[in-house]
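# Working through the structure, step by step
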Amino acid sequence: MRLSPDDIILWRHGFFKLNATIVITWALMLVMAAGSRIITRNLSTDLKRSRWQNLLEIVVTAIVKQIKEVGLDQSERYLGFLGTLFLFIALASLCTVIPGYEPPTGSLSTTAALAICVFVAVPLFGIEEQGLGGYLKSYAEPTLIMLPFNVISEISRTLALAIRLFGNMMSGAMIIGILITITPFLFPIVMTALGLLTGMVQAYIFSVLATVYIAAATQIRNQGTGPLAH
Amino acid sequence: MLIDWFTVIAQAINFLILVWLMKRLLYKPILHAIDAREKRVAAELADAGSKKAEAQRERDEFRRKNEEFDRQRAALLSKAIDEVKAERRRLLDEARKESDNLRARHISALQGEYQGLSDEITRRILEEVLATARKTLADLAATDLEEQIAMVFINRLRVLSDEEKERLKSAFKTRSGPAVVRSAFELTATQQNAIELAVREILAFDAGIMFETAPELIGGIEFTANGQKLAWSIADYLKSLDKGVGDLLKTRYVPETGTGPGQTTEANGG
């Protein structure tokens, strides 16, 4: 039984190969980039604007607002990374309504790649905000004894990110696949609808967790003096 | 193996490319558009605010000017009314003055006319009376009027009281020229002698005496020396007649103001 679209290999040359995950990701990237391009080509700064522009403005402002609510004040700075994370996972999940579509997030390789990106981005943002020393020092908080636990926590949460998304997406596809063999009508549709909800929830969870991690990495120093200390 | 490391690397790269694409194609333009719109709205609001303030300022200015205009208009109107009142008063005064002058001239003209008429009537009456008297005397007594007048004048001299005689005598003593006897008619030599004799006798007058004819002394004789005058005239008898004529003329002309007819015929002595 096929668990991941990684297994659908279209082309191979030694270490390099072109599987369904990559191809579908490219397709999604194309859709997102082209869609954005088309919509933002004729952006209106007037009070009247197109429906698509309105939709994108709602999405973008909602993401900005969400990032701010989590605690990152300079939300525009993290918008590129976190927003893309959410939009990519959300679109990958939404497209499951298309027959024959395999979500690239159903591949552990993709989720791992995203988790690794978060894993790398968190210290980068943290160092950028606090400096290298300040960031590294945060691992030894509150005492030096906590250092290994903090490191383990860092790695484990990255693993958890990857596995959680993969598990959810993969299981959704698996359940639908199994249900189609058992009850070909009606029930798979319900489960697909449920899968859409699950996908959106997972996209939200993944991006919010990434936001929380980045916020934690960039705001540790301020906790001593900020209102949260009391 | 669930994880294909090549795919992991490829997907990581794909994701980073997607981040770059999204940043460039989606977030930046959208945020830029939102910012631009917000700026525009803010600018429009500010503009509206400034326009409102400007309108408010202009309204205040207009109201102030309007009030100023009203005030000025009221002041000008009041001034004009005052000027008109003053002008009216001046014109009325002028008209009144002119009217007074006219009336005065009119009255003066009337009085002149009245005087002239009165004099004329008196003169005519005297002439008529004199003629009548002369004729009556001639018819009834076969006597000349002039002779009778001379006689009467001499008689007057004779019946003067002593006191009057003394007064006249003392006056004639300090004379500075000859005495003059004026009569309305030519005195005959006899009459002149009689009068001269009487004067010299009664008044002890020793200076020369001149005889003159004065037609204005209608039917009268007067003796003048050194500012003293002794006279007799028929005009004295005509005073009541003259008064009656004057009253008649008054009722005819009815002058509004002014004096009544004066004594038109002066008669001294008697």
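In this numbering scheme, every chain counts its residues from 1 along its sequence in written order. A letter from A marks each chain and a number from 1 marks each ligand, given out in the order of writing. For this predicted model, a pLDDT threshold of at least 70 governs which residues receive local features, and a threshold of 80 or more governs which side-chain atom pairs are given and counted, while totals over whole chains, interfaces and linings are taken from all residues. Heavy atoms throughout the structure, all of them, feed into the side-chain values; hydrogens and water do not.

Counting its regular elements, chain B contains five helices and four strands. Reading the secondary structure of chain B in the N-to-C direction produces α-α-α-β-α-β-β-β-α. Think of it in three bands: residues with accessible area under 20% of the maximum for their type are buried, residues over 50% are exposed, and the middle band is partly exposed, with areas taken using a 1.4 Å probe on protein chains only. With 270 residues in all, chain B has 30% of them scored as buried. For accessible areas, the Shrake-Rupley method is used with a probe of radius 1.4 Å. Any residue's cover is judged against the shown protein chains and nothing else. Of the accessible surface of chain B, which amounts to about 17900 Å², a share of 56% is contributed by carbon and sulfur atoms. Under the scheme used here, helices are H or I runs from DSSP no shorter than 4 residues and strands are E runs no shorter than 2 residues, and both carry numbers assigned from the N terminus.

We now examine the interface of chain A and chain B. It only takes one pair of heavy atoms within 4.5 Å for two residues to be counted as in contact. Facing the 47 residues of chain A at the interface are 31 residues of chain B. Contact with chain B buries area across many residues of chain A, yet Met29(A), Thr45(A) and Thr84(A) alone supply 15% of it, more than any other trio. Basic side-chain nitrogens of Lys or Arg form a salt bridge, by our definition, when they fall within 4 Å of a carboxyl oxygen of Asp or Glu. Inspection of the region where chain A meets chain B yields three salt bridges. We note a salt bridge from Arg37(B) to Glu57(A), for which the minimum N-O separation is 2.9 Å. As used in this structure description, the phrase polar contact means that two N or O atoms lie within 3.5 Å; if the pair is within protein, one of them must be able to donate a hydrogen and the other to accept it, and residues adjacent in sequence are counted only when both atoms belong to side chains. Seen at the junction of chain A and chain B, the total is twelve residue pairs in polar contact (both at pLDDT 80 or more). When residues in the side of chain A that touches chain B are grouped by element, the largest group, ten residues, is from helix H1 (residues 20-41) of chain A. Gly counts as polar in this scheme, as do all residues outside two lists: the nonpolar Ala, Val, Leu, Ile, Met, Phe, Trp, Tyr, Cys and Pro, and the charged Asp, Glu, Lys and Arg. Looking at the side of chain A that touches chain B, its residues break down into 26 nonpolar, 14 polar and seven charged. Throughout, the accessible surface (probe 1.4 Å) given up by two parts as they are put together, summed over both, is called the buried area.

A few words now on a positive patch on the surface. Exposure above 30% relative accessible area and the absence of a salt bridge qualify a residue for a patch, where like charges join within 9 Å and nonpolar side chains (Val, Leu, Ile, Met, Phe, Trp, Tyr) within 5 Å. Charged residues are defined narrowly, with Lys and Arg counted positive, Asp and Glu counted negative, and His plus the chain ends left uncounted. Where a charge lies is defined by one atom per residue type: Lys uses NZ, Arg uses CZ, Asp uses CG and Glu uses CD. There is a patch of like positive charges on the surface, built from Arg37(A), Arg41(A), Lys23(B), Arg24(B) and Lys28(B). Within the residue set of the positive patch, elements represented by two or more residues are H1 of chain A together with helix H1 (5-141) of chain B. The topology assignment puts Lys28(B) in helix H1.

Turning next to a nonpolar patch on the surface. Nonpolar side chains collect at one region of the surface, where Ile116(A), Phe119(A), Val120(A), Leu124(A), Leu144(A), Leu147(A), Val151(A), Ile155(A), Leu159(A), Ile163(A) and Trp5(B) lie side by side and expose about 990 Å² of accessible area between them. Elements supplying a minimum of two residues to the nonpolar patch: helix H4 (108-137) and helix H5 (146-182) of chain A. No other element matches the five residues that H5(A) contributes to the nonpolar patch. Looking at where Ile116(A) falls in the secondary structure, it is placed in helix H4.

Turning to helix H2 (residues 145-158) of chain B, a few remarks are in order. Each turn of an α-helix holds 3.6 residues, which means side chains three or four residues apart point in the same direction. All names here are of chain B. Helix span, as expected, comes to 1.5 Å for every residue beyond the first. Over its 14 residues, H2 extends 20 Å from the first C-alpha to the last, a length consistent with the 20 Å expected when each residue adds 1.5 Å. All of the buried residues along H2 are Leu145, Glu146, Ile149, Ala150, Phe153, Ile154 and Leu157. Of the surrounding elements, those touching the buried residues of H2 are H1, helix H3 (162-173), helix H4 (189-203), strand E3 (220-225) and strand E4 (228-233).

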